[in-house]
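Examining the three-dimensional arrangement
Given next are the chains, with one letter for each unit.
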2 protein chains.
Amino acid sequence: MAKVTLQTIADRLGVSRATVSYAFSRPDQVSAELRRRVMEVADELGYAGPNPTARSLRLGRAGALGLLFSETLAYAFADPYAVGFFQGLATAAEDAGVGLLILPLPHGDKRTEPVRNAVVDAFCVVSLPDGHPALDEVLGRKLPVVVVDEPYVPGHPFLGIDEPAAGALAARHVLELGHRRLGVAMVGLHDDGHIGWSDVARQRAATFEAMRGRRAGYQAAAEEAGVDWARVPFYELSRNSREAGRQAGHALLARHPRPTAILTNTDVLALGVLDAAADLGLDVPGELSVVGFSDSAAQDAGLTTIRQAKQEIGAEAGRLLLAGPPARPGRVLFPHELIVRASTAPPPPEQR
Amino acid sequence: MAKVTLQTIADRLGVSRATVSYAFSRPDQVSAELRRRVMEVADELGYAGPNPTARSLRLGRAGALGLLFSETLAYAFADPYAVGFFQGLATAAEDAGVGLLILPLPHGDKRTEPVRNAVVDAFCVVSLPDGHPALDEVLGRKLPVVVVDEPYVPGHPFLGIDEPAAGALAARHVLELGHRRLGVAMVGLHDDGHIGWSDVARQRAATFEAMRGRRAGYQAAAEEAGVDWARVPFYELSRNSREAGRQAGHALLARHPRPTAILTNTDVLALGVLDAAADLGLDVPGELSVVGFSDSAAQDAGLTTIRQAKQEIGAEAGRLLLAGPPARPGRVLFPHELIVRASTAPPPPEQR
DNA sequence: ATTAAGGTCTTAATTGATTAAGGAGGCAGG
DNA sequence: CCTGCCTCCTTAATCAATTAAGACCTTAAT
């Protein structure tokens, strides 16, 4: 019951290892009769087929794409946006017949061996904070890399949306409806677990590039409309969950004067804000407007949101990595659009 | 710019390859000075670090777990139950510092090379139909395997719930409330894309073992309560989506006499049935009771459902595969429980 | 009969590392 | 001075395959 290799079979049959290899991988190179006997002996010995690792080594292809998420996987898959992206990527991988190796980013510490030891042909990096050690590790592997959403790495393809523009689009929507008392709830700005109010300095210091840009878009649109951003209550979350959104909603809606429009970072958060509004008996959109982001969980709730092509981004990432070398570096920005549903309307008249 | 290996560095420095290997993997075996020079030259040559494939071959460990879903990945991740399971598994993998290699099951045909060539230490198989060729391929690899949900493979650990009991529990709940006019909407019985009514013969011939068992539980409970199962309208779906559930709901609710209780296979389907009820202006639970399954998307909608420990199952699967050999075969059944929420109530009095 | 062409199998190089065992040199203790 | 023990490095086996090139034999064409 020891290890069975090609050689074991070859010895049994008194032929060379090469012949057995051919019998498996190139049947026409071997007589039908011998091939039959090879298979017979293989079966008898319980041979598991040519060892994929050895094969990979010899062929120089791993047959897998490495995938790196910033978050714990358990958390990433709770986010409909991530799931959408993942579906796109998975489809591309499927079409190419390669696997998707999901790499863990160990919790707090910087143990990055999984990245160093990953048997993959290329990496797809999604939403890593600036300067995350795993990114260096990935770049050190000298394999093709594409980055999705953040951070932009000069010299490698980047896929995402124009975050400042998208943020501004969301903000401008409520501003144009006449809102002046804004509130913001955002997740994924920093990596430090902070939950609560953030001043402008902290907002600008966000370590996640995409969210930093999105927020800058909010601010730009607000200031363009004459709103003093420093006065806009800004609640930061560390988890993207409906419950977190509700918490932020309660915090924001307890302010005096109460915001008439709340911008959120994700649809899931927006749903939580809607919950908070419901808790307080506030009419949406009559007394409060809420805007989500991603159009990932917005439809059923009638949420106004920014739609981004998550699946397309995933599919394109896969294509770039699987189509060989000519993936030229630079940012590829995908379209986004404002989807107006039933969660936004002009502010009540008495609110100006 | 050719390939840089340990040997390249060794040659440059006039030392042996082994020394360079030690410099990377066992710093204490080499003088600090030499190690410094090794790193320097490695840097200079753009060495990407010890080749993981070669390393894997030599060490005999792949550092990854293979994961096989029956469905297209794009589809699997639309299912909250699958996501929950996956979270559990991912957490276990993360703790062990191994990756998760998601393998594509090519669409229609039986191209199973991805399974044959997967560089993994073990396989986790989830919800494959009876006799799926990929399963044979997996077993042929002679690696540790655990099967989740289906199909049971003698000689390998199996994780899941007691499906017939869980199905019976769901059915008995509405039967005990007094319902006699049942309707059923199920997905994932067959692999053939069929959508529409199914007679008992077809129901029993389902190729997915778990769903077959669950359905048998429904039937057993119904007959126990004196309901003629052959008369219970049974609508089969091929996709687990809210839209599919709505379609089934409309079909079932158009029957005369109209069912007063609808059992569904998944929470997502149940949500769709609720949509259909809303379309028809039916009061739930006043005029119609609906039961979901999995407690994966039921909470917000106030859905009565069967809760199963998805994450625990995933975590346990990971543990079994990563803890080495002593995973003894046999079925491990996880607990399930009935969660009664606001979607079930006694039938309206005039309905008997 | 000679040569060419196939068909079938073998030889041997190659893929890129890890690691047990051993050798050389330096230093301290007896 | 000899011995033993380190420290640092080398030798060489090993992991399990793939594949170009060549050897050998048979058959068919010229």
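You'll find chain A entered in an unreviewed UniProt entry as LacI family DNA-binding transcriptional regulator, with Nonomuraea rhodomycinica given as the organism.

**Points about the relation of the copies chain A and chain B**
The transform that puts chain A on chain B rotates by 180° and translates by 0.0 Å along the axis, for an RMSD of 0.0 Å. Here the transformation between the copies is reduced to the relation of a two-fold axis. Closest approach to the rotation axis within chain A is made by the C-alpha atom of A:L101, at a distance of 2.1 Å. Of all interface residues in chain A, 100% are interface residues in chain B too; the two copies therefore contact each other through one and the same surface.

**A short note on the packing of helix α1 (residues 6–13) of chain B against helix α3 (residues 32–45) of chain B**
Residues and elements named next belong to chain B. Their axes nearest at 10 Å, the elements α1 and α3 cross at an angle of 120°. The two elements α1 and α3 cross, and the hand of that crossing is right-handed. Note on element contacts: α3 touches α1 through R37, V38, V41, A42, E44 and L45, opposite T8, I9, R12 and L13. Among the residues forming the contact of α1 with α3, the class breakdown is six nonpolar, one polar and three charged.

**A closer look at the UniProt feature "domain: HTH lacI-type" (unreviewed entry) in chain A**
When the UniProt feature table is mapped onto this chain numbering, "domain: HTH lacI-type" (unreviewed entry) sits at residues 4–59 of chain A. The span residues 4–59 of chain A shows a helical share of 70% and a strand share of 0%, and its end C-alpha atoms are spaced 21 Å apart.

**Some details on unusual backbone geometry**
Look at the link from A:E150 to A:P151: it is a cis peptide, with omega at -10°. By the secondary structure assignment, A:P151 is in the loop between β4 (145–148) and β5 (157–161). With an omega dihedral of 10°, the bond running from B:V284 to B:P285 counts as a cis peptide bond. Within the fold, B:P285 resides in the loop between α13 (267–279) and β10 (289–291). One non-glycine residue, B:K142, lies in the positive phi region at around 55°. Positionally, B:K142 belongs in the loop between α8 (133–140) and β4 (145–148). Of note in this structure, B:D149 is not a glycine but carries a positive phi near 75°. By the secondary structure assignment, B:D149 is in the loop between β4 and β5 (157–161).

**Quick look at the protein's contact with DNA strand D**
Lining the immediate environment of DNA strand D, one finds 28 residues, of which A:S21, A:N51, A:R58, B:T19 and B:R58 sit closest. For DNA strand D, the backbone makes up 58% of the atoms found within 4 Å of the protein, where backbone means sugar plus phosphate. One of the side-chain nitrogen or oxygen atoms of A:Y47 is found 2.7 Å away from a phosphate oxygen of DNA strand D. B:S31 places a main-chain nitrogen or oxygen 2.9 Å from a phosphate oxygen of DNA strand D. For the surface near DNA strand D, the secondary-structure elements that each account for two or more residues are α2 (17–25) and α4 (52–59) of chain A together with α2 (17–25) and α4 (52–59) of chain B. For the surface near DNA strand D, the residue count by class is 13 nonpolar, eight polar and seven charged.

**Digging into the interface of chain A and chain B**
Interface size is commonly expressed as the accessible area that is lost once the parts come together. On the chain B side, the residues contacting the 41 residues of chain A number 41 residues. Contact between chain A and chain B buries roughly 3600 Å² in total, counting both sides, with carbon and sulfur atoms accounting for 62%. Taken as a group, A:P52, A:T53 and A:E94 account for 17% of the area that chain A buries against chain B, more than any other trio of residues on that side. Here chain A and chain B share zero salt bridges between them. Applying the counting criterion to the chain A and chain B interface returns two residue pairs in polar contact (both at pLDDT 80 or more). For the side of chain A that touches chain B, the elements supplying multiple residues, two or more each, are α4, α5 (73–76), α6 (80–96), β2 (99–103) and α7 (113–117) of chain A. The biggest single contributor to the side of chain A that touches chain B is α6(A), with seven residues. Here the side of chain A that touches chain B is composed, by residue class, of 21 nonpolar, 11 polar and nine charged. By the bridge criterion, three bridges tie β2(A) to strand β2 (residues 99–103) of chain B in an arrangement that is antiparallel. Across the sheet, A:L100 pairs through a bridge with B:I102, a residue of β2(B).

**Let's talk about the environment of B:H194**
Residues and elements named next belong to chain B. Inspection of the secondary structure puts H194 in the loop between β6 (182–187) and β7 (196–197). For H194, a relative accessible area of 27% corresponds to the partly exposed category. Sequence spacing of H194 and R239 is 45 residues, and the spatial spacing of their C-alpha atoms is 9.7 Å. Beyond its immediate chain neighbours, meaning those up to four positions away, H194 contacts R202, E236, L237 and S238. One polar contact links the side chain of H194 to the main-chain carbonyl oxygen of W197, over a distance of 3.2 Å.

**Let's talk about the domain arrangement of chain A**
Split by domain assignment, chain A resolves into domain 1 (6–50), domain 2 (64–161 + 311–334) and domain 3 (163–308 + 337–351). Using only C-alpha atoms to locate each centre, domain 1 of chain A and domain 3 of chain A end up separated by 65 Å.

**Considering the pairing of strand β1 (residues 64–69) of chain B**
Residue and element names in this part refer to chain B. The element β1 is extensively covered by neighbouring structure, given that six of its six residues are classed as buried. With five bridges joining them, β1 and β2 adopt parallel strand pairing. When the sheet's bridge partners are listed, G66 is paired in β2 with L101. Two strands pair when backbone bridges link them, and β1 and strand β3 (residues 122–126) are joined in this way by five bridges, in the parallel orientation. In the strand pairing of β3, F69 is matched with V126.

**Concerning the sheet that holds strand β10 (residues 289–291) of chain A**
Residue and element names in this part refer to chain A. Spatially, the five strands line up as an open sheet ordered β7-β8-β6-β9-β10, and their pairing is mixed. Of all the strands in the sheet, the pair left with one neighbour each is β7 (196–197) and β10. Across two bridges, the pairing between β7 and strand β8 (residues 234–237) is antiparallel. Across the sheet, W197 pairs through a bridge with Y235, a residue of β8. Across the sheet, helix α12 (residues 242–253) lies against β6 (182–187), β7, β8 and β9 (261–264), angled at about 160° from β8, the strand it touches most.

**Brief notes about empty space enclosed by the protein**
All names here are of chain B. If you walk through the whole model with that rule in mind, you get one cavity of 30 Å³ or more. The space that makes up the largest cavity amounts to roughly 30 Å³. In this structure, the largest cavity is lined by G188, L189, H190, D192, G193, H194, E236, L237 and S238. When grouped by side-chain class, the residues that make up the lining of the largest cavity number two nonpolar, five polar and two charged.

**Some words on the environment of B:D275**
Residue and element names in this part refer to chain B. When you line up the elements, D275 lands in helix α13. Each C-alpha atom of the pair D275 and E243 lies 8.7 Å from the other, and the pair is 32 residues apart in sequence. Not counting the four nearest positions on each side in its chain, D275 is found in contact with R242 and R246.

About the cut-offs
Residues numbered from 1 in each chain as written. Chains lettered and ligands numbered in written order. Predicted model: local features only at pLDDT ≥ 70, side-chain atom pairs only at ≥ 80, totals over all residues. Heavy atoms only, no water. Least-squares fit on C-alpha atoms with pLDDT ≥ 70 in both. Contact = heavy atoms within 4.5 Å. Axes fitted to C-alpha atoms, helices over the stretch in contact; angles between N-to-C directions. Helix = DSSP H or I, 4+ residues; strand = E, 2+ residues; numbered from the N terminus. Left-handed = near helix turned anticlockwise from the far one by under 90°. Nonpolar A, V, L, I, M, F, W, Y, C, P; charged D, E, K, R; others polar. UniProt positions renumbered as here; feature names shortened; annotations may be inferred. Near = heavy atom within 4 Å. Polar contact = N/O pair within 3.5 Å; in protein donor to acceptor, adjacent residues only side chain to side chain. Buried area = accessible area lost by both parts, 1.4 Å probe. Salt bridge = Lys/Arg side-chain N within 4 Å of Asp/Glu carboxyl O. Pairing = 2+ DSSP bridges. Buried < 20%, exposed > 50% of the residue type's maximum accessible area, 1.4 Å probe, protein only. Domains from an automatic or database assignment. 1 Å grid on protein atoms, 1.4 Å probe; cavity = no way out; pocket = protein on both sides within 12 Å on 5 of 7 lines; lining within 4 Å. Points joined across faces, edges and corners; volume = space filled by probe spheres on them.

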